[in-house]
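Structure at a glance
Each chain, written out:
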Amino acid sequence: MAKANIVLCMNAADKEISYTNNSLLQKTVLLKTRPTLEDVMKNMFIKDFPSCIKVADLGCASGPNTFFTITEVIESISWICQQAHRKGKSPEVQVFLNDVPDNDFNNVFRSVPSFCERLKEEKGDMLGSCFITGVPGSFYGRLFPSKSMHFIHSSYSVHWLSKVPSGLDNNYGNIYMAKSSPPNVFKAYSEQFEKDFSKFLRLRSEEIIDGGRMLLTFIGRSIADPRSKDCCYLWELLTKSLLDLVAQGLVEEGDVNSFNLPNYYPCKEEVEEIVENEGSFDLEKVEIFEVNWDPEDDASNKNFVFNKYKSGKKVANCIRAVMESLLASHFGGSIIDNLFDRYAEHVAEHLSLEKTKFVNVVISLTRK
């Protein structure tokens with residue numbers, strides 16, 4: 001039987017289905033949260049600047065999205081300086097890019113020189129120096145010195161748990177919370193998220209200066225019931241795909257029963273309660289917005305023509321780019337192509353009947 005180890009990192013640039021080429025969903029979410037990010041930066045520094053602003057992006061992954069947040073922070077600082085008629089260069093910015101050690105940091109570091117050169121071309125001589133550092137490690141441990149950070153950002157990372165919850169042995173035929181899961185499964189996931197998110201907040205409170213800010217975006221759910229379709233159905237289709245391979249003799253049923261995902265999609269009320277109970281941060285703002293499973297299928301995209309097979313394949317590739325390492329470590333790499341072919345078919349059929357959405361929770365926090 002396969003071992004249930006967590007080996008979670010986005011697919012590297014040299015993978016057939018790389019995260020770099022299959023992260024439109026994450027880019028769409030970043031674009032939708034950009035106004036909130038700009039507001040946070042303006043509120044932080046409208047009165048005064050430190051000589052060096054220290055910023056971190058937790059769960060940075062690799063590819064073009066890695067530099068999106070950095071760009072927005074630097075542009076916001078530049079705008080504030082212009083509005084304040086500040087003389088001389090804008091403040092220096094020190095950026096810390098964090099992810100798990102297996103992240104494709106080599107691809108990130110190869111992109112840094114061209115990114116910095118592009119910044120200089122766009123902003124000219126008035127741009128302060130930008131220093132970029134990689135910080136490999138789990139954000140469920142300390143990452144930075146005490147009271148050293150001004151702003152911490154994380155998008156599509158905090159819904160990943162530190163481990164698979166305990167006590168899921170009876171979650172037969174499921175790899176996550178599902179309508180058929182027994183009550184203890186929902187309780188175990190909820191309690192693990194509460195424990196992990198509380199710890200995350202406590203650790204960041206030690207690293208952020210008083211009055212420093214944090215902006216977090218993660219997948220959530222629209223209602224309190226954890227069996228809601230916007231929370232579970234994506235993974236029910238992946239379970240269905242795995243059980244197809246069981247029927248073909250390619251996967252052991254016991255391996256499916258022993259596998260559970262280490263993530264949790266909370267509702268807004270859960271997040272608010274945990275922030276209040278942990279007590280280190282003021283909750284400045286909570287936003288909820290939705291994005292279709294296929295982010296190209298959007299009302300603003302006038303050129304989009306729905307094709308269920310194309311959308312199914314795009315969704316499958318997006319999930320594969322995130323989940324392949326985790327699935328391969330448990331089931332073996334030989335099943336991955338077959339698994340995601342089946343998954344693309346199931347997603348396509350589902351999307352032809354119903355356009356299910358990702359529910360996104362955005363919270364803006366200030367260190368007390």
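This section reports on the structure supplied with the text. Given the structure is predicted, the values throughout are model-derived calculations rather than measurements. (Residues numbered from 1 in each chain as written. Predicted model: local features only at pLDDT ≥ 70, side-chain atom pairs only at ≥ 80, totals over all residues. Heavy atoms only, no water.)

To continue, consider the side chain of Glu207. Relative to the elements of secondary structure, Glu207 occurs in helix α4 (residues 183-207). Residue Glu207 is classed as buried on the basis of its relative accessible area of 0%. Sequence-distant contacts of Glu207, that is, excluding residues within four places in its chain, are made with Arg142, Leu143, Phe144, Pro145, Ser146, Lys147, Ser148, Met149 and Ile152. (Helix = DSSP H or I, 4+ residues; strand = E, 2+ residues; numbered from the N terminus. Buried < 20%, exposed > 50% of the residue type's maximum accessible area, 1.4 Å probe, protein only. Contact = heavy atoms within 4.5 Å.)

The next point concerns the sheet that holds strand β5 (residues 208-220). Within the open sheet, the 7 strands sit side by side as β3-β2-β1-β4-β5-β7-β6. Their pairing is mixed. Each of the sheet's edge strands pairs with one partner strand only, and the pair in question is β3 (130-136) and β6 (281-292). With strand direction ignored, the average angle separating the axes of adjacent strands in the sheet is 15 degrees. Relative to strand β7 (residues 357-367), β5 runs antiparallel, the two sharing 8 bridges. Following the sheet pairing, Phe218 is matched in β7 by Val361. Across the sheet, helix α1 (residues 24-45) touches β1 (52-58), β4 (149-155), β5, β6 and β7, and the angle it forms with β6 is around 155 degrees. Of the strands in this sheet, β5, β6 and β7 touch helix α7 (residues 268-278), which is tilted by about 160 degrees from β6. (Pairing = 2+ DSSP bridges. Axes fitted to C-alpha atoms, helices over the stretch in contact; angles between N-to-C directions.)

As a further point, take the nonpolar core. With 112 residues, the main nonpolar core has Ile132, Phe197 and Phe200 as its most contacted residues. In terms of residue count, helix α8 (residues 308-331) provides more of this core than any other element does, 10 residues in total. Contacts of Phe200, omitting those with residues within four sequence positions, involve Leu58, Phe139, Tyr140, Val158, Met214 and Leu216. (Core = buried A, V, L, I, M, F, W, Y, C linked by side-chain atoms within 4.5 Å.)

What follows covers helix α3 (residues 105-123). For α3, built from 19 residues, the straight-helix expectation of 27 Å at 1.5 Å per residue is met to within 8% by its first-to-last C-alpha distance of 26 Å. Of all the bends in α3, the largest measures some 35 degrees and sits at Val112, one to four residues before the proline Pro113. Listed as buried for α3 are Phe105, Asn107, Val108, Val112, Phe115, Cys116 and Leu119. The inward-facing, buried residues of α3 contact α2 (68-83), β2 (92-99) and β3. Phi turns positive one or two residues past the end of α3, at Gly124, with a value near 75 degrees. (Expected span 1.5 Å × (residues − 1). Bend = angle between axes of the 7 residues up to and from the residue.)

A few words on the packing of aromatic side chains. Aromatic ring pairs are described here by two measures, namely the spacing of the ring centres and the angle between the planes. Counting across every chain of the model gives 15 aromatic pairs. The ring of Phe200 is capped by Arg204, whose NZ or CZ atom sits 5.0 Å from the centre of that ring. Over the face of the ring belonging to Phe306 we find Lys355, whose NZ or CZ atom lies 5.3 Å from the ring centre. (Phe/Tyr/Trp six-rings, centres within 6.5 Å; stacked < 30°, edge-to-face > 60°. Lys NZ or Arg CZ within 6 Å of the ring centre and 35° of its normal.)

Moving on, we come to the environment of Asn301. As for its placement among the helices and strands, Asn301 is situated in the loop between β6 and α8. Distance in space between the C-alpha atoms of Asn301 and Val95 is 33 Å, their sequence separation being 206 residues.

Just geometry here; none of it tells us what the structure is for.
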